[in-house]
Amino acid sequence: MTVEIKLRIMGARACFSRAEFKTERASYEVITPSAARGIFDAVYWRPGLRWVIDRIHVLTPIRFQSLSRNEVGDRVPVATVRHAMRTGDLHALPRAAADNRQRRAATILVEVDYLVTAHLILTDDAPVGDRLDEPLALATRRARRGQCFRTPCLGTREFPTDVALWQGPPPAHRLPDDQRDRYLGLMLLDIDDAADRASRFFHAVLRDGVIDVPPFVAAAVRP
């Protein structure tokens, strides 16, 4: 029997970047299943388990905001970080130079509120005889207490989110009439690790404020 867990996910700002935009960031209209799975992973994760997103309830009106922000163009090489950790010499870590910062525009979401339903499955790496009852109980307890392995975020780390366990029927949404039922286009579903980390997309449809997420192997999912 599949046991579902519901998380209430809220935040002042969010950016779930569209894959087709390379330089400037532009968010999808709602949270993607991939981003939602990352939040569930922040609450509870261990090898051999995987969260599967089932439904996304959009509870507040979809509102966008445009802003500009500074981004660093380069990353610190991994070898440099390891050398600094080994020797303790932090001066070897290069600082982001002023000319390396890039000012970019972004279209983000504001005042988001979602109720996301997911369930756990065992992966091929799970030990033989492994069960789901214990990890489900641990995940539920951690969500109820607000415990996370890392700070969950809404797309990017500068947009943290408040996460709470939800039990009972979903709350009523506050979407206007023109947002309750609409086609959202192709949306990122998740990354296929078995296919050289290829991106998988699906046709997202909002029906009375709810997105039903197809299974990863469904025919509706396309590369």
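Bear in mind the structure is a predicted one, so any value in this text is a computation, not a measurement.

S.K.: Which residues make up the overall build of the protein, and what are the values?
M.R.: If you tally the helices and strands in the protein, you get four helices and eleven strands. In the protein, buried positions account for 40% of the 223 residues. Pairs at least 24 apart in sequence give 75% of the contacts found in the protein among residues at least 6 apart. If you sum the accessible surface of the protein, you get close to 13200 Å²; carbon and sulfur atoms cover 51% of it.

S.K.: Which residues make up unusual backbone geometry, and what values go with them?
M.R.: Negative phi values dominate among residues other than glycine, just as trans dominates among peptide bonds. The residue glutamate 111 is not glycine, and still its phi comes out positive at about 50°. Relative to the elements of secondary structure, glutamate 111 occurs in strand E5 (residues 101–122). The phi dihedral of aspartate 208 is positive, around 50°, even though this residue is not glycine. Position of aspartate 208 among the secondary structure elements: in the loop between strand E10 (198–206) and strand E11 (210–212).

S.K.: So what about the nonpolar core? Which residues, and what values?
M.R.: Ranked by internal contacts, the top residues of the largest apolar core, which has 49 residues, are Phe16, Ile56 and Tyr114. The set of elements that each furnish at least two residues to this core consists of strand E1 (4–14), helix H1 (33–43), strand E3 (49–58), E5, helix H3 (133–145), strand E8 (162–166), strand E9 (182–192) and E10. Here this core gets eight residues from one element, more than from any other, and that element is E5. Excluding anything up to four places from it in sequence, isoleucine 56 contacts Ile31, Thr32, Pro33, Tyr114, Leu115, Val116, Gly209, Val210, Ile211 and Val213.

S.K.: Requested: an account of the packing of aromatic side chains, with residues and values cited.
M.R.: Per the counting criterion, the structure on display carries three aromatic pairs. Ring centres of tyrosine 44 and phenylalanine 149 lie 6.4 Å apart, and the angle between their planes is 35°; this geometry places the pair in the tilted category. In this pair, tyrosine 44 is assigned in the loop between H1 and E3 and phenylalanine 149 in the loop between H3 and strand E6 (153–154), connecting sequence segments 105 residues apart. Looking at arginine 142, its charged tip hangs above the ring of phenylalanine 149, at a distance of 4.0 Å from the centre.

S.K.: Describe helix H2 (residues 78–87), listing the residues and the values that go with them.
M.R.: For an α-helix the count is 3.6 residues per turn, leaving residues at separations of three or four pointing the same way. Buried residues are scarce in H2, accounting for one of its ten residues. Glycine 88 sits one or two residues past H2 and shows a positive phi near 80°.

S.K.: Would you mind going over the pattern of salt bridges in detail, with residue names and values included?
M.R.: Proximity of charged atoms lets side chains of opposite charge pair with each other. This model, assessed by the stated rule, comprises ten salt bridges. Measuring nitrogen to oxygen at the nearest pair gives 2.6 Å for the salt bridge that ties arginine 37 to aspartate 190. Of this pair, arginine 37 sits in helix H1 while aspartate 190 sits in strand E9; the two residues are 153 residues apart in sequence, bridging distant segments of the chain. Connected through salt bridges with shared partners, the residues Arg37, Asp41, Arg50 and Asp190 form a single ionic network.

S.K.: Give me the lowdown on the environment of tryptophan 51, citing residues and values where you can.
M.R.: Relative to the helices and strands, tryptophan 51 is located in strand E3. Linking tryptophan 51 and arginine 37, residues 14 residues apart in sequence, is a C-alpha distance of 6.1 Å. Every residue in contact with tryptophan 51, bar those within four places of it in the chain, is listed here: Ile5, Arg37, Phe40, Asp41, Tyr44, Ala118, His119, Leu120 and Ala139. At 3.4 Å, the side chain of tryptophan 51 and the backbone oxygen of phenylalanine 40 are in polar contact. Only 2.9 Å separates the side chain of tryptophan 51 from the backbone oxygen of tyrosine 44, close enough to count as a polar contact.

S.K.: Give a detailed account of the side chain of aspartate 41, specifying residues and quantitative values.
M.R.: Within the secondary structure layout, aspartate 41 lies in helix H1. If we skip the residues at most four places from it in the chain, aspartate 41 touches Trp51, Phe149 and Arg150.

Rules used in this analysis
Position numbers for residues count from 1 along each chain, tracking the sequence in the order it is written. Per-residue local features of the predicted model are confined to residues with pLDDT of at least 70, and side-chain atom pairs are confined, for both listing and counting, to 80 or more; whole-chain, interface and lining totals are unaffected and use all residues. The side-chain values count all of the structure's non-hydrogen atoms but skip hydrogen atoms and water molecules. Counting from the N terminus, the helices are DSSP H or I runs at least four residues long and the strands are E runs at least two residues long. Relative accessibility under 20% of the residue-type maximum defines a buried residue, over 50% an exposed one, and the middle range a partly exposed one, all with a 1.4 Å probe and only protein chains included. By definition in these notes, contact holds between two residues if any of their heavy atoms fall within 4.5 Å. Method for areas: the Shrake-Rupley scheme with a 1.4 Å probe, in which residue coverage is limited to the protein chains shown. Joining through side-chain atoms within 4.5 Å is the link that ties buried Ala, Val, Leu, Ile, Met, Phe, Trp, Tyr and Cys residues into a set, and such a set is a nonpolar core. To pair, rings of Phe, Tyr and Trp, with the six-membered ring standing in for Trp, must have centres within 6.5 Å; the planes then decide the type, stacked if under 30 degrees apart, edge-to-face if over 60, and tilted in the middle. Think of it as a cone above the ring: NZ of Lys or CZ of Arg counts as a charge over the ring if it is within 6 Å of the ring centre and within 35 degrees of the ring normal. Salt bridges are defined as contacts in which a side-chain nitrogen from Lys or Arg sits within 4 Å of a carboxyl oxygen from Asp or Glu. Side-chain atoms alone can form a polar contact between residues adjacent in sequence; in general such a contact is a pair of N or O atoms within 3.5 Å, and within protein one must be able to donate a hydrogen while the other accepts it.

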